[in-house]
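If you want the building blocks of each chain, they are given just below.
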Amino acid sequence: MELIRNKRYLGLVFFGLFEILLGVAQHLKIIPSSGATTPGIPSIIAGIFILAIGMYLSRTPESEAMPDERTRKRDMKVFTGVFGIVFTYVISLMLIDVLWAARIINLGEFFLFLPRPSDITQIFPRYMSILFVALISWVALTVYYNKKGDAE
């Protein structure tokens, strides 16, 4: 039994492991955390999701992924959708940060799992959440267009 059949997705496996280790290091206070009540837990949860996605995708044989015209059309639609989702997410994060810093809106100390931006250690979870949204939307749109059938 082969654990890894498709080496194209090993990057996701390694990124998931990195994210888990980063969360553990924040939880053990080895590196500075965002000041959350449970530091590192969001990174650990995101890392587990990314690791599971990477392991699932790396189990599919490379022979199943024969690039044909339908696959190329699907990939173009997926990448366009992922770009739009990530772009919208980044714009909304910037808007919330600007309005929050200008004290136009008051979200308390935390918005979802993101702390109030005051220094770089509190902004780092935002960057990780952007990568997490990009990966999750990429997988979700790929599965959606595979189930939908024709990409036109």
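Sequence order as written defines residue numbering, which begins from 1 separately in each chain. Since the coordinates come from a predicted model, pLDDT governs what is reported: local features require at least 70, and pairs of side-chain atoms require 80 or more to be given and counted, while whole-chain, interface and lining totals use all residues. By convention in this description, side-chain values take in all heavy atoms of the structure and omit both hydrogens and water.

A. Spotlight on the overall build of the protein chain. When its secondary structure is counted, the protein chain shows four helices and two strands. Overall, the protein chain shows an N-to-C arrangement of helices and strands of α-α-α-β-β-α. Expressed as a percentage of the 152 residues in the protein chain, the buried residues total 33%. Here a residue-residue contact requires only that any non-hydrogen atoms of the pair lie within 4.5 Å. Across the protein chain, contacts joining residues at least 24 apart in sequence account for 69% of those joining residues at least 6 apart. Areas reported here follow the Shrake-Rupley algorithm with a probe of radius 1.4 Å; residue values treat only the protein chains shown as occluding. Accessible area of the protein chain: about 9800 Å², with a carbon and sulfur share of 70%. Comment: elements are numbered from the N terminus, with helices defined as DSSP H or I runs of at least four residues and strands as E runs of at least two. Partly exposed residues are those whose accessible area sits between 20% and 50% of the maximum for their type, while under 20% is buried and over 50% is exposed, using a 1.4 Å probe and protein chains only.

B. Examining unusual backbone geometry more closely. The backbone phi angle of K29 is positive, close to 60°, even though this residue is not glycine. Note that K29 resides in the loop between α1 (10–27) and α2 (41–59).

C. Seen up close, the packing of aromatic side chains. Working definition: a ring pair exists when centres of Phe, Tyr or Trp rings (six-membered ring for Trp) sit within 6.5 Å. Plane angles under 30 degrees give stacked, over 60 give edge-to-face, the rest tilted. Throughout the structure, instances matching the rule amount to four aromatic pairs. Taking the centre distance of 6.5 Å and the plane angle of 35° together, the rings of F15 and F18 count as tilted. Within this pair, F15 and its partner F18 are both found in helix α1, separated by three residues, close to a single helical turn. A relative accessible area of 43% places F18 in the partly exposed class.

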